[in-house]
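Observations on the model geometry
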Amino acid sequence: MRAGLRLEPAELVAYQKTLASHGWGAPTWPLEFGGTGWTPTQRFIFEFEASQADAPPQFHQGLELIGPIIFTYGSIDQRARYLPRIVSADDWWCQGYSEPGAGSDLASLRTLATRDGNAFVVNGLKTWTSFAHAASHMFLLARTSVQARRQDGISLLLVDMSAPGIKLRRIDSLDESHHINEVHLDDVRVPISDLVGEEGKGWSYGKVLLDRERGVAAGNALRIRQQLRAVRRTVERAALAGAMSAACVAQRIRLAQLEIETIGLEILVMRLIADEAKGRNCGPQASIIKLRWSELTQQAAELWAETLGYHAAAYRGIDGHCAQFPADMPYAVQGALYSRVTSIYGGSSEIQRNIVARRFLGL
Ligand SMILES: Cc1cc2nc3c(=O)[nH]c(=O)nc-3n(C[C@H](O)[C@H](O)[C@H](O)COP(=O)(O)OP(=O)(O)OC[C@H]3O[C@@H](n4cnc5c(N)ncnc54)[C@H](O)[C@@H]3O)c2cc1C
């Protein structure tokens, strides 16, 4: 983590198992579903300490996205079957929402789920699906009615990734690694028992998901400090080597500015936590935090790569390391390239601005 490395699924699973063995597997879940039952303040302290210790963030798609939907809307059987295996990391969930032509405008999705006896038969194409290649399960939105209003015809299904008819095509991304995929669904049978809640209500369950995204945004915001520690080490090393050239001074000023703005973001997170602890509706604050987090994390990643200068180009050693350079170098460029995604996934920056404009500024 100190080297800016993004962990592989197997490493994240190992970390999740370690947390689970301490009873800390699901910091945001109630006790009755295997969570810690922590208050918002306790969760903040945990996240803050984890980031100070350079621990990785937990993989959120099972824990923060589908898990809470299952314990809020799922059947007793779904809760018993899926929740413990999310906490113990025996299952890995991926999110099958986006499609070609249905990203920001998710309600235009076209994947169809047609009833056939005691199963749905699903046909369609999901795209940009993170870590589908590592996933045992996918939660997906599919259209179960073409008659109803666009949002009303959508249902949420839990899909076993080993089901016949699922094919993956890997997508190589800008950072030259494989974390996203196309998921082709061709007559995939999903038992009725894996429909979450009511048929046609999948869209409204997304509202729970939006609430939970506050927690994800807040957790991410607390990680910028972690990223800036690595940048600071490089900037200080460059200053020592470069005897305070004009470029070094400019880098130090940019770093100081980023550190100050990061403190500002952390204070926003604390406000959100304080509101949540008092049971107040946090409104669109999560969008503000997501927006600022993506801007700051991109700026931090760019500053790191720029400070490394031409050394940063050596980011792909044969085994991922370049022996002649300090250990943090190989991942700086990869991190800067990967950071572009933060203003796209989880709702693009333009969409977050729309939410802030409408719900916060009343425009
Ligand atoms: C690396 C990566 C991982 C992802 N992982 C997943 C995943 O695991 N599961 C999943 O379901 N999806 C995933 N996504 C998909 C992601 O949620 C979408 O890419 C995102 O919602 C944007 O949708 P889109 O790509 O279709 O772009 P579009 O919606 O076509 O947007 C194109 C551009 O138009 C702008 N725009 C669109 N609508 C508006 C508007 N109303 N006002 C102003 N501007 C607008 C957007 O901001 C963007 O700049 C991932 C994406 C990436 C890149």
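A few points on the structure.

What counts as what
- Throughout, residues of each chain are indexed from 1 in the direction in which the sequence is written.
- The model is predicted, so local features are restricted to residues of pLDDT at least 70 and side-chain atom pairs to those at 80 or more, both for listing and for counting; the totals for chains, interfaces and linings are taken over all residues.
- Computation of side-chain values covers all heavy atoms of the structure but excludes hydrogens and water.
- Only DSSP runs of H or I covering at least 4 residues are called helices, and only runs of E covering at least 2 are called strands; the numbering of each starts at the N terminus.
- The quantity called the radius of gyration is restricted to C-alpha atoms. Its globule counterpart is 2.2 Å times the number of residues to the power 0.38.
- Classification of residues uses two cut-offs on accessible area relative to the type maximum, computed with a 1.4 Å probe and protein chains only: under 20% is buried, over 50% is exposed, and between them is partly exposed.
- A contact between two residues is defined here by any heavy atoms of the two lying within 4.5 Å.
- Surface accessibility follows the Shrake-Rupley procedure with a 1.4 Å probe radius. Residue values consider only the protein chains on display as shielding.
- Working convention: axes come from line fits to C-alpha atoms, limited for helices to the stretch in contact. Angles between N-to-C directions cover 0 to 180 degrees.
- Reported orientations rely on four angle classes, namely roughly parallel under 35 degrees, roughly antiparallel over 145, roughly perpendicular from 65 to 115, and oblique for the rest.
- Crossings are sorted by hand: turned counterclockwise from the far helix by less than a right angle, the near helix makes the crossing left-handed, and turned clockwise it makes it right-handed.
- Gly is put with the polar residues, along with every residue not named as nonpolar or charged; the nonpolar set is Ala, Val, Leu, Ile, Met, Phe, Trp, Tyr, Cys and Pro, and the charged set is Asp, Glu, Lys and Arg.
- Any residue with a non-hydrogen atom lying within 4 Å of a molecule or strand is treated as near it.
- Any pair of N or O atoms that falls within 3.5 Å is considered a polar contact. Within protein, one atom must be able to donate a hydrogen and the other to accept it, and sequence-neighbouring residues count only if both atoms are side-chain atoms.
- Put simply, a salt bridge is a Lys or Arg side-chain nitrogen that is within 4 Å of an Asp or Glu carboxyl oxygen.

What about the overall build of the chain?
A count of helical and extended segments in the chain gives ten helices and seven strands. Relative to the compact-globule value of 21 Å for 363 residues, the chain shows a C-alpha radius of gyration of 21 Å, a close match. Across its three principal directions, the C-alpha atoms of the chain cover 75 × 50 × 45 Å. Residue burial in the chain is summarised as follows: out of 363 residues, 50% are buried. Looking at the chain alone, contacts between residues at least 24 apart form 72% of all its contacts between residues at least 6 apart. In the form shown here, the chain has an accessible surface area of approximately 17400 Å², with 57% of it arising from carbon and sulfur atoms.

What to know about the packing of helix H7 (residues 246-277) against helix H8 (residues 285-308)
Look at H7 against H8: their axes get within 10 Å of each other, and the N-to-C directions meet at 155 degrees. The orientation of H7 relative to H8 falls into the category roughly antiparallel. Considering only the axes of H7 and H8, their crossing is left-handed. Contact residues: Gln251, Arg254, Leu255, Leu258, Glu261, Thr262, Leu265, Leu268, Val269, Arg271, Leu272 and Asp275 in H7; Gln285, Ala286, Ile288, Ile289, Arg292, Trp293, Leu296, Gln299, Ala300, Leu303, Glu306 and Thr307 in H8. When grouped by side-chain class, the residues that make up the contact of H7 with H8 number 13 nonpolar, five polar and six charged.

Some details on unusual backbone geometry
Positive phi outside glycine occurs at Trp128, with the angle close to 60 degrees. Of note, Trp128 is situated in the loop between strand S3 (119-126) and strand S4 (137-143).

A short note on the site of the ligand
Looking at the ligand, there are 17 residues lining it, with Gln95, Ser98, Ser104, Ser348 and Glu350 nearest. Gln61 has a polar side-chain atom sitting 3.4 Å from an oxygen atom of the ligand. Take the shell around the ligand: its biggest share by element is three residues, from helix H10 (residues 349-360). Among the residues making up the shell around the ligand, the classes are represented as seven nonpolar, nine polar and one charged.

Some words on the environment of Val235
With respect to the helices and strands, Val235 occurs in helix H6 (residues 224-242). For Val235, a relative accessible area of 2% translates into the label buried. Contact partners of Val235, with chain neighbours within four places excluded, come to Arg252, Leu255 and Thr307.

Observations concerning the pattern of salt bridges
For side chains of opposite charge, pairing can occur when their charged atoms come near one another. Inspection of every chain in the model, using the stated rule, returns 24 salt bridges. Glu266 is the salt-bridge partner of Arg225, the closest N and O atoms lying 2.6 Å from each other. Note that Arg225 is positioned in helix H6 and Glu266 in helix H7, a separation of 41 residues in sequence. For Glu266, a relative accessible area of 3% puts it in the buried group. The shortest N-O distance in the salt bridge between Glu295 and Arg292 comes to 2.5 Å. Taken as a pair, Glu295 and Arg292 lie in helix H8 at a separation of three residues, close to a single helical turn. Judged by its relative accessible area of 22%, Glu295 falls in the partly exposed class.

Everything listed here is a matter of coordinates, which is why it stays silent on function.
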